[in-house]
Amino acid sequence: MVLKAFFPTCCTSADSGLLVGRWVPEQNSAVVLAVVHFPFIPIQVKELLAQVQQASRVGVAVLGTWCHRRQEPEESLGHFLEGLGAIFSHEPWLQLCRERGSKLWSCKTTHRQVPTSPNAPGEDQVMLIFYDQRKVLLSQLHPPTALPDHQAGDATASTQGLAAVFDTVARSEALFRSDRFDEGLVRLSHWQSEGVEASIIVELAKQASGPVCLLFAYLLSLISAASACRVFKLWPLSFICSKLSTCEQLRHRLEQLTFIFSTQKAENASQLMRKANMLVSVLLDVALGLTLLSWLHGKDRIGQLADALVPVADWVAEELQHLLQWLMGAPAGLKMNRALDQVLGRFFLYHIHLWISYIHLMSPFIERILWHMGLSACLGLTVSLSILSDIIALLTFHIYCFYVYGARLYCLKICGLSSLWRLFRGKKWNVLRQRVDSCSYDLDQLFIGTLLFTILVFLLPTTALYYLVFTLLRLLVVTVQGLIHLLVDLINSLPLYALGLRLCRPYRLSAGVKFQVLEHETGRPLRLLMQINPLPYNRVVHTYRLPSCGCHPKHSWGSLCRKLFFGELIYPWRQRGDKQD
């Protein structure tokens, strides 16, 4: 049987002593965590292991002996190492030895118990695997992607073995808190034995994080209580807040800040990573917002935007008037119904006239409104983008009205033509059973149906042309708003902290390991070097992607085309489960 011994690379130059680690019987593996140096008192070693086991909940034990022959070998040391197996009983007993002045290693295992079968070997073949203890401790192993069925079993077994190694090193952090500067009677060699890694800034941040989280949690609770007031649940305010992107983004940021400054400790590494990603996302959002704020308030750019906004609105209204006058004539040489064409054209021209009057009425206050909206950039760039989306929706409200009028009129004619077409075939729509049933009609009904069908058919091209033009304008506005919301969702959901870890410290996010052969000679143990495979960037984004506000669902292309063909209204702000007209 092959025994896999995982040995830390930081202990290859350690003095002779005892191998401390964990035995994994399911994988027939020994995970060495540290080396206890001579001299030592066995009872003190057992007390230390008991304390580590109580703190980490890991079955840490003495696995065997380690002999580093830096000088001429002494017979007394060899006999002493062989006699330690009687004090620290473990099955199997591992004996590692590094030869003097060379890179040759010897490794063997012995069994103290009498074999049940006479043919059972007394020693196992040992595979020595070196690993970087610091990287394995800080790394987070991710499960592999979906594999074919004939490989799934092997992949699962291999993943479980690696997970046992990573989990053992991660949970044994209490063993790594002692270094050579401690005054303890037991000296250890591990990745922090030369000095415990620490940072004054990190320690101060840990001490200050508790009071800061309590303060922010209290302030956020006050804001949440104020937003849940009954005044904001009245019909006009609740309706407006449900339609504005700014309110949805503020609600989403409030939920994220409440989760970040929660006083509850993260239950696992995934929840801690989620908090870190949210914190970095909020900080980056605020930094970009402050940059935008400084740019807007420099060189009187808000005044320039206010002066350019009214001419742009006038230009859009003028172009719409030219478009309507073109539709009221003979657009592209098409023969239109003149009476209906004139009625629709004058109706829409009157709306444009009302819109121009509204813009000029608000023009003295536009600069002040933009100045106050510019201050909202201190809340983050996403809030400013959401306000920009709402401003675009307000400035193009007349286009939305034109689209609604044209869509309703077109949908009415499509429904009328479909009903009259069923009349010609002797069918009707059963509202109760939601199906088409057979029906017999008399001569008068067929005559009136023929007249109405003819009228609707001849009026359909004029209505369809107006509907087509205003639908294209509406889709243009929706596309611009969609690009803005896409940028907002990108800032909200991109796991920036995880991507930074993947870029600067790839070993922190592990997708698996690879092995490099160091020595493969007959009569010598197979020595391998375990290296960590970093998680691919696409899996990092897929695994740690943050939830977005989700107030703008995506329609499939088939659903969008069906809605456009039948004249159904497109509400980009509504949820999928909301009832639509």
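See the structure above.
The structure contained in this document is the topic of the report that follows. Bear in mind that the values here come from a model prediction, so they are computed numbers and not experimental data.

**Topic: empty space enclosed by the protein**
Argument step 1. The full count for this structure, using the stated rule, is two cavities of 30 Å³ or more.
Argument step 2. Quantified by volume, the second largest cavity comes out at close to 40 Å³.
Argument step 3. Every residue lining the second largest cavity is listed: Leu3, Trp23, Ala30, Leu63, His90, Pro92 and Leu94.
Argument step 4. For the lining of the second largest cavity, the class distribution of residues is six nonpolar, one polar and no charged.

**What about unusual backbone geometry?**
Argument step 1. Even without glycine at this site, Asn28 takes up a positive phi of about 55°.
Argument step 2. Structurally, the position occupied by Asn28 is in the loop between strand 2 (17-24) and strand 3 (29-37).
Argument step 3. We classify Asn28 as buried; its relative accessible area is 13%.
Argument step 4. In the Ramachandran plot, Arg57 falls in the positive-phi region, its phi being about 60° despite a non-glycine side chain.
Argument step 5. On the secondary structure map, Arg57 appears in the loop between helix 1 (42-56) and strand 4 (60-68).

**Brief notes about the pairing of strand 4**
Argument step 1. Within strand 4, eight of the nine residues are buried, which leaves it mostly tucked inside the rest of the structure.
Argument step 2. As paired strands, strand 4 and strand 5 (residues 93-98) are joined by five bridges and run parallel to one another. By the bridge assignment, Thr65 is partnered in strand 5 with Gln95.

**Quick notes on helix 9 (residues 301-327)**
Argument step 1. If you check helix 9, its first and last C-alpha atoms are 39 Å apart, about what 27 residues at 1.5 Å a residue would give, namely 39 Å.
Argument step 2. Lining the buried residues of helix 9 we find helix 8 (269-296), helix 10 (338-362), helix 11 (366-375), helix 13 (397-424) and helix 14 (443-493).

**Comments concerning the pattern of salt bridges**
Argument step 1. Counting across every chain of the model gives seven salt bridges.
Argument step 2. Note that Arg435 and Asp437 form a salt bridge whose closest N and O atoms lie 2.9 Å from each other.
Argument step 3. Among the residues examined, Arg435 registers a relative accessible area of 40% and is labelled partly exposed.
Argument step 4. On the basis of relative accessible area, Asp437 is assigned to the buried category, the value being 16%.
Argument step 5. Of the charged contacts in the structure, one is a salt bridge between Arg527 and Glu519, with a shortest N-O distance of 2.6 Å. The burial state of Arg527 is the same as that of Glu519; both residues are buried.
Argument step 6. Here the salt bridges share partners, and the residues they tie into one network are Arg562, Lys563 and Glu568.

Scoring rules and cut-offs
- Residues numbered from 1 in each chain as written.
- Predicted model: local features only at pLDDT ≥ 70, side-chain atom pairs only at ≥ 80, totals over all residues.
- Heavy atoms only, no water.
- 1 Å grid on protein atoms, 1.4 Å probe; cavity = no way out; pocket = protein on both sides within 12 Å on 5 of 7 lines; lining within 4 Å.
- Points joined across faces, edges and corners; volume = space filled by probe spheres on them.
- Nonpolar A, V, L, I, M, F, W, Y, C, P; charged D, E, K, R; others polar.
- Helix = DSSP H or I, 4+ residues; strand = E, 2+ residues; numbered from the N terminus.
- Buried < 20%, exposed > 50% of the residue type's maximum accessible area, 1.4 Å probe, protein only.
- Pairing = 2+ DSSP bridges.
- Expected span 1.5 Å × (residues − 1).
- Contact = heavy atoms within 4.5 Å.
- Salt bridge = Lys/Arg side-chain N within 4 Å of Asp/Glu carboxyl O.

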